[in-house]
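Results of the structural survey
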Amino acid sequence: MAFSHHLFFCLNQRSNGEDCCDRHNAFALFEYAKNRVKELGLAGPGKIRVNKAGCLDRCADGPVMVVYPEGIWYTLVDQEDVEEIIQSHLIKGAPVARLQLA
């Protein structure tokens, strides 16, 4: 496997006024995750990859991020949520139940 974990952040934008992840600070949370993973030395081949994604079709739950290979979907509110996922799920292997989407 090229990466131990692959994070996909929905960064979808809707111009018709409907709700979307972009309206809930998704890009800033994506940037925080990407920079934090690099800062912690967790980025690169065999490690963690943070990617942008188009619509993940969970607009009302946004912002949304999916972590593979587990396929765990998260809803995020702020940088503290992202940091909790990095520390608990990505580093310690314990997914964050309170942020998971069903």
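Conventions we followed
- Residues numbered from 1 in each chain as written.
- Predicted model: local features only at pLDDT ≥ 70, side-chain atom pairs only at ≥ 80, totals over all residues.
- Heavy atoms only, no water.
- Salt bridge = Lys/Arg side-chain N within 4 Å of Asp/Glu carboxyl O.
- Buried < 20%, exposed > 50% of the residue type's maximum accessible area, 1.4 Å probe, protein only.
- Helix = DSSP H or I, 4+ residues; strand = E, 2+ residues; numbered from the N terminus.
- Polar contact = N/O pair within 3.5 Å; in protein donor to acceptor, adjacent residues only side chain to side chain.
- Contact = heavy atoms within 4.5 Å.
- Phe/Tyr/Trp six-rings, centres within 6.5 Å; stacked < 30°, edge-to-face > 60°.
- Lys NZ or Arg CZ within 6 Å of the ring centre and 35° of its normal.

If you check an unreviewed UniProt entry, the protein chain appears there as 2Fe-2S ferredoxin from Polynucleobacter tropicus.

Points about the pattern of salt bridges
Tallying each qualifying case throughout the model produces five salt bridges. Asp 61 is the salt-bridge partner of Arg 58, the closest N and O atoms lying 2.9 Å from each other. What makes Asp 61 partly exposed here is its relative accessible area of 26%. Two residues, Arg 98 and Asp 81, come together in a salt bridge whose shortest N-O distance is 3.0 Å. With Arg 98 in the segment after α2 (79-91) and Asp 81 in helix α2, the pair connects residues that are 17 residues apart, well separated along the chain. Through salt bridges with shared partners, one network takes in Arg 36, Glu 39 and Glu 83.

Comments concerning the side chain of Asn 51
Inspection of the secondary structure puts Asn 51 in strand β2 (residues 48-53). Judged by relative accessible area, Asn 51 falls into the buried class, the value being 18%. In this structure the side chain of Asn 51 is engaged in a polar contact, spanning 2.6 Å, whose partner is the side chain of His 6. Looking at Asn 51, its side chain comes within polar contact range of the side chain of Arg 49, at 3.1 Å. When neighbours within four sequence positions are excluded, Asn 51 is seen to be in contact with His 6, Leu 7, Phe 8, Phe 9 and Phe 30.

Focus: the packing of aromatic side chains
For the structure on display, the rule yields three aromatic pairs. Each ring, one from Phe 9 and one from Phe 30, has its centre 5.8 Å from the other, and the planes form 75 degrees; the classification is edge-to-face. Of this pair, Phe 9 sits in strand β1 (residues 5-10) while Phe 30 sits in helix α1 (residues 26-39), placing them 21 residues apart in sequence. In this structure, Phe 9 and Phe 30 share a single accessibility class: buried. A centroid spacing of 5.8 Å and a plane angle of 40 degrees characterise the contact between Phe 27 and Phe 30, whose relative ring orientation is tilted. Taken together, the residues Phe 27 and Phe 30, both in helix α1 and three residues apart, mark about one turn of the helix. On the basis of relative accessibility, which here comes to 38%, the residue Phe 27 falls in the partly exposed class. Within the aromatic cluster, the residues linked to one another by ring pairs are Phe 9, Phe 27 and Phe 30. The ring of Trp 73 carries the charged tip of Arg 58 above its face, separated from the ring centre by 5.9 Å.

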